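# Working through the structure, step by step
So the chains spell out like this:
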There are 2 protein chains.
Amino acid sequence: MLVFAYFTLSSSNQYLELVLVISMDFVLKGVFVLSLLMVSMKSQVDARYRHWSNDQKKSIFEAGEDLVTNLPGQPSVDFRHYAGYVTVNEKNGRALFYWFYEATTFADKKPLVLWLNGGPGCSSVGYGATQEIGPFLVDTDGRGLIFNSFSWNTEANLLFLESPVGVGFSYSNTSADYDILGDDFTANDAYAFLHNWYLKFPSYRNRIFYIAGESYAGKYVPELAEVIHDKNKDPSLFIDLRGILLGNPETNDAEDLKGIADYAWSHAVVSDETHKTILESCDFYSDDPWSNNDCNSAMVELYSQYDEIDIYSLYTSVCIGNNSSGSQDKSTLLTAKSSTKMLPRVMGGYDPCLDDYAKSYYNRPDVQKALHVGDGISLRNWSICNMTVYYGWSDRKASVVPIYKKLIAAGLKIWVYSGDTDGRVPVLSTRYSLSSLGLPIKRAWRPWYHQKQVGGWLQEYYGLTFATFRGAGHAVPIFKPSESLAFFASFLSGESLPSQR
Amino acid sequence: MLVFAYFTLSSSNQYLELVLVISMDFVLKGVFVLSLLMVSMKSQVDARYRHWSNDQKKSIFEAGEDLVTNLPGQPSVDFRHYAGYVTVNEKNGRALFYWFYEATTFADKKPLVLWLNGGPGCSSVGYGATQEIGPFLVDTDGRGLIFNSFSWNTEANLLFLESPVGVGFSYSNTSADYDILGDDFTANDAYAFLHNWYLKFPSYRNRIFYIAGESYAGKYVPELAEVIHDKNKDPSLFIDLRGILLGNPETNDAEDLKGIADYAWSHAVVSDETHKTILESCDFYSDDPWSNNDCNSAMVELYSQYDEIDIYSLYTSVCIGNNSSGSQDKSTLLTAKSSTKMLPRVMGGYDPCLDDYAKSYYNRPDVQKALHVGDGISLRNWSICNMTVYYGWSDRKASVVPIYKKLIAAGLKIWVYSGDTDGRVPVLSTRYSLSSLGLPIKRAWRPWYHQKQVGGWLQEYYGLTFATFRGAGHAVPIFKPSESLAFFASFLSGESLPSQR
């Protein structure tokens, strides 16, 4: 098998130019074998540390070198936070960047929650930590941070991972790695990351653990949960995973697409005529719905209607700055692949203005030094979404519904939420996907409340809880910070959301 | 035929207690004959004034006694406004209250626009003038008025009518009138009002004329337009009606109901299960869809989900004051009639807090005196919606689609708009109704712009223009004042809305 690769990695824009002739099956198999080897090797390492796992007092010292002490613009806080790299594959030089915030109180008693953003290709630091649920949000002038009093680390120890390599600060020294990114690769590297991260933070080794995420992490989260569930058969690898939490998650391509179409029509984004064409010509369950020209052009028409509004939040204004490229980029993203089998799956965030602030902040030398990304002289170019990763995604599960079934059978707690003004992974898509699970209803549809207002609606199934957030876009916590935090607390405690004012 | 009526009219709460045994066909026929007589009489009176109609300079003096000069809390303005009564039936003592604002500039050149709110039973003064498109909005402490720089009287002379009798300050001295209120009665009285109003304002007699309104005025506006169109065959009665403008209008009961159901489901207000039951059991085109118990209880379930959010604006908070009766009233309104043939058609406004401010203001003695409602000592009890009128509505057209067809054939300009976050007369209802017209498309669905943002979407048919307002609730101008004014100007000029940023 011939493998020939030429690449340049520009440090100024992190753009990968790849001219690559490669035998894909070889690479995929290779990655699989490497992953297994890696996980196997790590499991031996982990075993050495298992006797430390109950000694929580020691934990804070293990990762001392990753402690963040002088982050520019950071508000003063009572909790510690850590950032840095965890190597997931020594041979190829793959290292994932994390940012970990201890809980604000009783950190040693609270669970550990891993947060993942999607894309594929987008940064959990840039979205989750910086714009949504982390304690420090970038302020709108890009010069510092503001404190988020609705940070989810009031309820849990909060771990943000930039995943897979190519995303944010995460990298590989082996260029071929970038060409084989996909769902399995991501799950296996995230699994390796977890075990190696526990080496730095052994007091969390046996801590109650949850995985949360949104958007394309709707795939990542169950996929990683499945790997953990499967590996847990080996007691030396056991991770105390109790559940998963998914926000506006991509779940099942066919139903996600049908939901996009029906939602756009019912929300007056497309015409009756376009919707009718989609209903008549699109077979989203086929291998290639785009082979039907009517379907293809109707979907192109649908995406074009989203060109100049924010598909991630239908009723907010779009950022129109001096440089309106944000909007243009989004349009390109949405339509570029609509004539191929795979519809575009764009990033988890929504506001090109906020994205710009994050980019400005994380590309500061002093910030990178404080986060242990580098020495503060030779910079890594950080972007909120890596489009090379996005476009090059080579392995994608069409549906994670079978994984849901497996995890439900295993007794994991699964909560799914949906901001109902998102057109990208609309509430209809999620309902179509959940409906396909055929779960019996435990407690029927009802409103849930927060601060005397209806936060959204809730339906509890045996095995799964589904909740909507009224008036929230794709990245729910941006729109509903207080409601989201209350919801997160309910998820952790397992208590139902309030059903009265 | 036996007619027996007993009534009390309480001045403290304007609540009509009617114990009425009456032969309905007699009354309806009587009203019809009276209406014809009245119109006929007025036409003779009108004819006397026709030679004045081109003398615009005289106009401002004709209604001098209705000039409003000392309205409490009114901001200083450069235009005149008039308020008072116009008798529509002398024998029965029926008089309708109006409030008329000259255009801010070039009043003698600009068209005359009549604005109607719906209910039935709700006040155009309380909603249209006070909360939406008038120059003076009540402020939130109920003590005065604030200036609305997006008032539609920057583009037209603006006439608000409280219609029919029983609404706002409008009254009849004949109690039996209150028992025969309905669509035709309303249209005929409004027609009589117009001719008699022209006697006060003769310079407007031949002015270009439009009728606008929202919600249940979706019935009133075409119905009045039809009366005018029909009567215009008599040159002495001619009114220069050029078009109608309808916002979130009730149009066709069957399609309005189907739209409510589909909208509630697609906007995550009701469950998949409830929607499925509605789809399977409700025949909205039958005479009595509620005879099917499954349909009935599914629709009750649907309305109950709207109990504690604002059906008129899905994503805003509801007013929760010390007295939460507003919400309770709304709930009662929504569900009270769901087991009868006629589903409730509630009022055009949406914020019980704003409603309270209006009620406080218009029940002040000095305000009533300034508006020529009374002498400032014996008060009329003003309420924003008269629920006796609402519940007693006796004559209702199930559909005004045939009137649309007639008016389109007559060459009238018809523009329909829809705030797309309204669950009461949702954008889907309006699209279903318009679709039933089967009009050819002149210019296909596209976004329209205001201040560089997408204001909504637009479809131009031959004979009708339809536009949505993105993120606006039921009473669109409250949510989108600047966009609404630009839209109104486009309607008047007949120019398309901007199709570029």
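Just above, that's the structure.
Everything numeric in this text was worked out from a predicted model, so none of it was measured. (Residues numbered from 1 in each chain as written. Chains lettered and ligands numbered in written order. Predicted model: local features only at pLDDT ≥ 70, side-chain atom pairs only at ≥ 80, totals over all residues. Heavy atoms only, no water.)

### As for the relation of the copies chain B and chain A
Formally: For the least-squares superposition of copies, only C-alpha atoms count, and only for residues with pLDDT at least 70 in both. The contact criterion used throughout is that any non-hydrogen atoms of two residues lie within 4.5 Å.
With an RMSD of 0.0 Å, the fit of chain B onto chain A corresponds to turning through 180° and sliding 0.0 Å along the axis. Accordingly, the operation relating the two chain copies is best matched by a two-fold axis. For chain B, the residue whose C-alpha comes nearest the rotation axis is Ser266(B), separated from it by 3.2 Å. Looking at the interface residues of chain B, 100% of them are also at the interface in chain A, so both copies use one shared face.

### Observations regarding the interface of chain B and chain A
Rules: Accessible area that two parts lose when put together, with a 1.4 Å probe and added across both, is what the buried area reports. Salt bridges, as used here, are contacts in which a Lys or Arg side-chain nitrogen is within 4 Å of a carboxyl oxygen on Asp or Glu. Side-chain atoms alone can form a polar contact between residues adjacent in sequence; in general such a contact is a pair of N or O atoms within 3.5 Å, and within protein one must be able to donate a hydrogen while the other accepts it. Numbered from the N terminus, helices here are DSSP runs of H or I no shorter than four residues, and strands are runs of E no shorter than two. Residues are sorted three ways: Asp, Glu, Lys and Arg are charged, Ala, Val, Leu, Ile, Met, Phe, Trp, Tyr, Cys and Pro are nonpolar, and all the rest, Gly among them, are polar.
Residue-level contacts link 42 residues of chain B with 42 residues of chain A. Between chain B and chain A, a total of about 3500 Å² is buried, with carbon and sulfur atoms accounting for 51% of that surface. Our count for the chain B to chain A interface comes out at two salt bridges. Here Asp272(B) makes a salt bridge to Arg431(A), at a shortest N to O gap of 3.0 Å. Run the count over chain B and chain A and you get 18 residue pairs in polar contact (both at pLDDT 80 or more). At the level of secondary structure, the elements contributing two or more residues to the side of chain B that touches chain A comprise helix 6 (253-266), helix 7 (272-281), helix 8 (293-305), helix 14 (427-435), strand 13 (441-450) and strand 14 (453-461) of chain B. The residue makeup of the side of chain B that touches chain A, split by class, is 19 nonpolar, 13 polar and 10 charged.

### Focus on the packing of helix 6 of chain B against helix 7 of chain B
Residues and elements named next belong to chain B. Heads up, the rule is: Axis lines are fitted through C-alpha atoms, for helices just across the contact stretch, and the angle between N-to-C directions can take any value from 0 to 180 degrees. With respect to orientation, any angle under 35 degrees is reported as roughly parallel, any angle over 145 as roughly antiparallel, any angle of 65 to 115 as roughly perpendicular, and every other angle as oblique. A clockwise turn of the near helix away from the far one marks a right-handed crossing, whereas an anticlockwise turn of less than a right angle marks a left-handed crossing.
At their nearest, the axes of helix 6 and helix 7 sit 9 Å apart, and the two run at 160° to each other. When the axis of helix 6 is compared with that of helix 7, the two are roughly antiparallel. As for the relative orientation of helix 6 and helix 7, their crossing is left-handed in sense. Counting all contacts with helix 6, which are made through Ala 261, Asp 262 and Trp 265, the residues of helix 7 involved are Asp 272, His 275, Ile 278 and Leu 279. A class-by-class count of the residues in the contact of helix 6 with helix 7 yields four nonpolar, one polar and two charged.

### A few points about the state of the cysteines
Residues and elements named next belong to chain B. Heads up, the rule is: The disulfide criterion used throughout: a pair of cysteine sulfur atoms within 2.5 Å. Any residue under 20% of the maximum accessible area for its type is buried, any over 50% is exposed, and the rest in between are partly exposed; the area is computed with a 1.4 Å probe on protein chains only.
All told, the structure shown has four disulfides over all chains when counted by the stated rule. Here Cys 282 is linked by a disulfide to Cys 295, with a sulfur-sulfur distance of 2.0 Å. An S-S torsion of about 100° defines the bridge between Cys 282 and Cys 295 as right-handed. Taken together, the residues span a long stretch of sequence, with Cys 282 in the loop between helix 7 and helix 8 and Cys 295 in helix 8 at a distance of 13 residues. Both residues of the pair, Cys 282 and Cys 295, count as buried.

### Some thoughts on the side chain of Ser482(A)
Residues and elements named next belong to chain A. Here Ser 482 shows up in helix 16 (residues 481-493). With relative accessibility at 15%, the residue Ser 482 sits in the buried group. Discounting residues that sit within four places of it in the chain, Ser 482 has contacts with Phe 150, His 450 and Gln 451.

### With respect to helix 16 of chain A
Residue and element names in this part refer to chain A. Our working rule: Given the number of residues in a helix, its expected span is that number minus one, multiplied by 1.5 Å.
Its 13 residues give helix 16 an end-to-end C-alpha distance of 18 Å, which sits within 8% of 18 Å, the value for a rise of 1.5 Å per residue. Turning to helix 16, its buried residues are Ser 482, Glu 483, Ser 484, Leu 485, Phe 487, Phe 488, Ser 490, Phe 491 and Leu 492. Phi for Gly 494, located one or two positions after helix 16, is positive at around 80°.

### Here we look at the packing of aromatic side chains
Centre-to-centre distance and the angle between the planes together describe a pair of aromatic rings. Our working definition: Only Phe, Tyr and Trp rings are paired, with Trp represented by its six-membered ring, and only when their centres lie within 6.5 Å; those with planes under 30 degrees apart are stacked, over 60 edge-to-face, the remainder tilted.
Tallying each qualifying case throughout the model produces 79 aromatic pairs over all chains. Taken together, a centroid distance of 5.2 Å and an interplanar angle of 70° make the contact between Phe469(A) and Phe487(A) edge-to-face. With Phe469(A) in strand 15 (residues 464-469) and Phe487(A) in helix 16, this pair connects stretches of sequence that are 18 residues apart. Given a relative accessible area of 1%, Phe487(A) falls into the buried group. A ring pair is formed by Tyr216(B) and Trp393(B), whose centres lie 6.1 Å apart and whose planes are at 90°; its orientation type is edge-to-face.

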